[in-house]
Amino acid sequence: MKVLVTGSAGRVGSFVIRDLLAAGHRVRGFDLRPAGIEQDGFDEVVGAFDDEEAARRACSDMDAVLHLGAFMSWLPDDREKLFRANVEGTRVVLEAAVAEKVGRFVFASSGEVYPENKPEFQPITEANGTNPLSPYGLTKLLGEELVRFQGRVSSMETVILRFSHTQNASELLDATSFFSGPRFFLQPKIRQQEGFGNRAAVEVLRAADPGRPALILSRNENGRPFRMHITDTRDMAQGVLLALTHEKAPGGTFNLGSSDPVDFADVLPVMAQRTGLPLVTVDLPGPGVWYHTSNQHICDTLGFAPQWPIMRMLDEAVEAWKKMPA
Ligand code: NAD
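Conventions used here
- Residues numbered from 1 in each chain as written.
- Predicted model: local features only at pLDDT ≥ 70, side-chain atom pairs only at ≥ 80, totals over all residues.
- Heavy atoms only, no water.
- Near = heavy atom within 4 Å.
- Polar contact = N/O pair within 3.5 Å; in protein donor to acceptor, adjacent residues only side chain to side chain.
- Areas by Shrake-Rupley, 256 points an atom, 1.4 Å probe, with all protein chains shown as cover.
- UniProt positions renumbered as here; feature names shortened; annotations may be inferred.
- Helix = DSSP H or I, 4+ residues; strand = E, 2+ residues; numbered from the N terminus.
- Pairing = 2+ DSSP bridges.
- Axes fitted to C-alpha atoms, helices over the stretch in contact; angles between N-to-C directions.
- Domains from an automatic or database assignment.
- Buried area = accessible area lost by both parts, 1.4 Å probe.
- Salt bridge = Lys/Arg side-chain N within 4 Å of Asp/Glu carboxyl O.
- Nonpolar A, V, L, I, M, F, W, Y, C, P; charged D, E, K, R; others polar.
- Expected span 1.5 Å × (residues − 1).
- Buried < 20%, exposed > 50% of the residue type's maximum accessible area, 1.4 Å probe, protein only.
- Arc of directions from axis to C-beta.
- Contact = heavy atoms within 4.5 Å.
- Parallel < 35°, antiparallel > 145°, perpendicular 65-115°, else oblique.
- Left-handed = near helix turned anticlockwise from the far one by under 90°.

Around the ligand sit 26 residues in total, of which R11, V12, D31, R33 and Y136 are the nearest. K140 has a polar side-chain atom sitting 2.8 Å from an oxygen atom of the ligand. Here T166 contributes a backbone N or O atom positioned 2.8 Å from an oxygen atom of the ligand. For the ligand, the accessible surface in isolation is 820 Å², of which the surrounding protein chains cover 90%.

Mapped onto the present numbering, the UniProt feature "domain: NAD-dependent epimerase/dehydratase" (unreviewed entry) falls at residues 3-257. Taken end to end, residues 3-257 comprises 38% helix and 19% strand; its first and last C-alpha atoms sit 23 Å apart.

Here we take up the sheet that holds strand β11 (residues 253-256). With parallel pairing, the seven strands of this open sheet are ordered in space as β3-β2-β1-β4-β5-β6-β11. One side of each edge strand has no neighbouring strand; the edge strands of this open sheet are β3 (42-46) and β11. Direction aside, neighbouring strands of the sheet carry axes that sit 20° apart on average. Pairing of strand β1 (residues 2-6) with strand β2 (residues 26-31), which is carried by five bridges, proceeds in the parallel orientation.

The domain boundaries assigned to the protein delineate domain 1 (2-163) and domain 2 (169-228 + 260-291 + 309-322). Relative to domain 2, the C-alpha centre of domain 1 lies at a distance of 29 Å. Interface area, domain 1 with domain 2, both sides summed: about 770 Å², of which 57% is carbon and sulfur. Across the pair R11 and E171 runs a salt bridge whose closest N-O atoms are separated by 2.9 Å. Counting across the domain 1 and domain 2 interface gives three residue pairs in polar contact (both at pLDDT 80 or more). Grouping the constituent residues of the side of domain 1 that touches domain 2 by class yields four nonpolar, two polar and two charged.

The end-to-end C-alpha distance of helix α9 (residues 264-275) is 16 Å, a good match for the 16 Å that 12 residues give at a rise of 1.5 Å each. By the burial criterion, the buried members of α9 are F264, V267, L268, M271, A272 and T275. In an axial view of α9, the angular spread of the buried residues amounts to 135°, which keeps them on one side of the axis. Where the residues of α9 are buried, they touch α5 (180-184), β8 (215-219), β9 (227-228), β12 (262-263), β13 (279-283) and α11 (310-322). Count one or two residues on from α9 and you reach G276, which has phi positive near 80°.

Here the focus is the packing of helix α3 (residues 79-99) against helix α4 (residues 135-153). Axis separation between α3 and α4 bottoms out at 9 Å; the angle between their running directions is 15°. By the angle between their axes, α3 is roughly parallel relative to α4. As α3 packs across α4, the resulting crossing turns out to be right-handed. Mapping the contact onto sequence places R79, L82, F83, N86, V87, T90, R91, L94, E95 and V98 in α3 and P135, Y136, L138, T139, L142, G143, L146, V147 and Q150 in α4. Looking at side-chain class alone, the contact of α3 with α4 contains 11 nonpolar, five polar and three charged residues.

Below, the structure written as structure tokens:
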């Protein structure tokens with residue numbers, strides 16, 4: 001197959017490309033940045049999703065498109081860029097794919113369309129209503145609508161995957177990582193909350209600061225530890241490939257992620273024990289993060305079988321942490 005992977009320089013895109021090339025497919029990347037892949041069977045278009053000419057060039061002669069690229073930001077100043085990349089960009093890539101007679105289009109949506117932080121019921125299934133509360137989640141839902149529209153009016157097959165939170169195992173204990181830094185490390189969390197303007201959170205976080213690098217066990221205002229899905233990128237790549245190839249995927253909307261959510265009260269003490277870093281427990285204002293999203297539909301329909309539970313990821317994370325500069 002000839003497959004276009006958007007977001008080819010990104011976390012999920014680069015793993016998917018690796019797996020596609022290993023399986024003998026021809027792959028083209030499409031991203032603002034070069035993917036840095038020098039391998040037979042790979043070429044790329046460097047450009048923006050909302051650039052019609054670049055999108056046509058990217059889709060030309062492709063059997064399938066995996067639209068995995070997107071802009072992720074929760075900062076108010078990024079609003080325009082967010083809608084341009086994720087909504088207008090998705091419309092332009094979709095229309096280029098239809099014009100170039102692409103057979104199947106797989107779209108990376110997000111659990112933020114529900115949103116997972118405020119679900120109607122748990123575990124969250126695809127039957128949950130979609131009511132995004134962040135502009136990012138809204139751009140993903142609008143992207144889904146654009147995909148569903150082309151699924152109705154064109155002959156292109158479409159598949160929507162609602163992605164879990166996704167990490168490379170090596171990022172988990174990296175204090176500089178965009179996601180894991182503020183999630184698990186105190187100082188990056190203080191900086192993140194300052195950026196969001198959450199003064200009450202900053203106050204309790206600063207009060208807990210031991211003055212040296214520390215891990216943080218986040219709980220809500222009633223002392224309930226955070227709980228959420230953290231899925232290994234390799235498992236996400238497996239799900240994306242199933243969406244690409246499986247005969248039962250077209251027309252489907254699937255939650256894609258790990259089977260079990262991560263309870264921070266289980267994992268943070270292990271992180272602290274294995275790194276020797278101090279662990280502080282902080283009760284943050286508000287209801288906190290606490291969800292469980294079901295992957296039953298994709299397991300039953302496409303045979304998805306995740307291989308990387310959090311403790312297995314953590315083994316790799318600790319090895320990567322040992323090699324990081326102090
Ligand atoms: P990533 O940020 O690592 O990669 C995204 C890539 O898209 C980047 O290489 C970036 O350069 C590219 N990109 C952004 N805007 C672009 C534009 N306008 N034109 C061209 N390229 C552009 O993201 P990821 O973690 O690999 O996530 C993959 C997909 O999964 C995204 O669609 C994201 O919204 C979705 N998702 C991710 C998570 C997560 O936790 N990582 C969770 C839910 C959904």
